[in-house]
Amino acid sequence: GAGVSQSPSNKVTEKGKDVELRCDPISGHTALYWYRQRLGQGLEFLIYFQGNSAPDKSGLPSDRFSAERTGESVSTLTIQRTQQEDSAVYLCASSLAYGRGAYEQYFGPGTRLTVT
Amino acid sequence: AQTVTQSQPEMSVQEAETVTLSCTYDTSESNYYLFWYKQPPSRQMILVIRQEAYKQQNATENRFSVNFQKAAKSFSLKISDSQLGDTAMYFCAFITTQGGSEKLVFGKGTKLTVNP
């Protein structure tokens, strides 16, 4: 079946502009995650959605970052007033359920964001 | 603090030989999962192997195996019979469930190059 998809693949934007990144999880996956990967670094957790529960936003670096998820489908990550330090690859992952790691997280190919 | 340390930023190995990537972690949780992910230049994160912390037996997946030392909080990855396609970034990670959600905590990665 189809994997996790993300769009756009690459995004170049000017400092101060808003951007919206999209993630389509695997159908039937109730859990969805956003991570950020800066150049040469590991992934940093941003936000977690699980079903209808309140999302865990503890990883969002500032109030310029927000994310939404419609039911158990598409999610969008919005960055307002982008800064150069926001340049990174943004990765989305989904998993079948909350399971303390018992369920594999499947990753999308990421969106490379460049802020000029 | 929940941290993962990969002390080898880069490694290289000759095709068909064996290489071991190191990882140590710190967590206060008693039960958790540990992971090794592979990220080739395509950016796609691929799960290589998973270990449940309460299982003493080391996980194996074909040419990939781990040496899990729970008391030492060490989780190394051994790749046997290295192949050119193993060239990638390798990330060690564990699941934390603090805050009621679950998220992966990643190390900074080891860049592995397999030479012909």
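My aim in this report is to walk through the structure given alongside it, one point at a time. Given the structure is predicted, the values throughout are model-derived calculations rather than measurements. (Residues numbered from 1 in each chain as written. Chains lettered and ligands numbered in written order. Predicted model: local features only at pLDDT ≥ 70, side-chain atom pairs only at ≥ 80, totals over all residues. Heavy atoms only, no water.)

With that settled, the discussion passes to the sheet that holds strand β6 (residues 65–69) of chain A. Residues and elements named next belong to chain A. The strand order across the open sheet formed by 4 strands is β1-β3-β7-β6, and the pairing between neighbours is antiparallel. The open sheet terminates on both sides in strands that have one partner only, identified here as β1 (5–7) and β6. Between one strand axis and the next, the sheet turns through 15 degrees on average, direction left out of account. Bridge count for β1 against strand β3 (residues 19–24) is 3 bridges, and the pairing is antiparallel. Across the sheet, residue Ser 5 finds its bridge partner in β3, namely Asp 24. (Pairing = 2+ DSSP bridges. Helix = DSSP H or I, 4+ residues; strand = E, 2+ residues; numbered from the N terminus. Axes fitted to C-alpha atoms, helices over the stretch in contact; angles between N-to-C directions.)

What follows deals with the environment of Leu 84 of chain B. All names here are of chain B. Among the secondary structure elements, Leu 84 is positioned in the loop between β9 (74–79) and β10 (88–96). The exposure class assigned to Leu 84 is partly exposed, which follows from its relative accessible area of 42%. Counting along the chain gives 19 residues from Leu 84 to Ser 65, while the straight-line C-alpha distance between them is 18 Å. Leaving out residues up to four positions away in the same chain, Leu 84 has contacts with Glu 15, Val 114, Asn 115 and Pro 116. (Buried < 20%, exposed > 50% of the residue type's maximum accessible area, 1.4 Å probe, protein only. Contact = heavy atoms within 4.5 Å.)

Attention shifts here to the interface of chain B and chain A. With 23 residues of chain B at the interface, the matching set in chain A holds 30 residues. Buried area between chain B and chain A, summed over both chains or domains, comes out near 2,100 Å², and the portion from carbon and sulfur atoms is 47%. When the buried surface of chain B facing chain A is broken down by residue, Arg 43, Glu 102 and Lys 103 of chain B rank first, second and third, together holding 32% of it. Remark: the boundary between chain B and chain A carries 1 salt bridge. Here Asp 56 of chain A makes a salt bridge to Lys 103 of chain B, at a shortest N to O gap of 3.2 Å. Counting every contact that joins chain B to chain A gives 8 residue pairs in polar contact (both at pLDDT 80 or more). Those elements that provide at least two residues to the side of chain B that touches chain A are β5 (33–39), β6 (46–52), β10 and β11 (103–106) of chain B. If you tally residues by element for the side of chain B that touches chain A, the top one is β5 of chain B, at 4 residues. Class assignment for the residues of the side of chain B that touches chain A results in 9 nonpolar, 8 polar and 6 charged. (Buried area = accessible area lost by both parts, 1.4 Å probe. Salt bridge = Lys/Arg side-chain N within 4 Å of Asp/Glu carboxyl O. Polar contact = N/O pair within 3.5 Å; in protein donor to acceptor, adjacent residues only side chain to side chain. Nonpolar A, V, L, I, M, F, W, Y, C, P; charged D, E, K, R; others polar.)

By the definition in use, this model includes 2 disulfides over all chains. Bridging Cys 23 of chain A to Cys 92 of chain A, the disulfide has an S-S length of 1.9 Å. Negative torsions about the S-S bond denote left-handed disulfides, and the value of about -65 degrees found for Cys 23 of chain A with Cys 92 of chain A makes this one left-handed. Here Cys 23 of chain A, found in strand β3, pairs with Cys 92 of chain A, found in strand β8 (residues 88–95); they are 69 residues apart in sequence, far enough to count as distant. Cys 92 of chain A shares its class with Cys 23 of chain A; the two are buried. A sulfur-sulfur distance of 2.0 Å marks the disulfide that ties Cys 23 of chain B to Cys 92 of chain B. (Disulfide = S-S within 2.5 Å.)

What follows covers the pairing of strand β5 (residues 43–50) of chain A. Residues and elements named next belong to chain A. Most of β5 is tucked away, with 7 of its 8 residues classed as buried. Taken together, the 7 bridges between strand β4 (residues 31–37) and β5 define a ladder with antiparallel strand orientation. Residue pairing in the sheet places Arg 36 in a bridge with Glu 44 of β5.

Tallied over the entire structure, the rule returns 7 salt bridges over all chains. The residue Asp 24 of chain A makes a salt bridge to Arg 22 of chain A at a minimum N-O spacing of 2.8 Å. Among the salt bridges present, the one from Asp 26 of chain B reaches Lys 73 of chain B, with a minimum N-O distance of 3.4 Å. Taken together, the positions of Asp 26 of chain B in strand β4 (residues 24–26) and Lys 73 of chain B in the loop between β8 (64–69) and β9 put the pair 47 residues apart, joining distant regions of the chain. For Asp 26 of chain B, a relative accessible area of 34% translates into the label partly exposed. Given the relative accessible area of 26%, Lys 73 of chain B is considered partly exposed.

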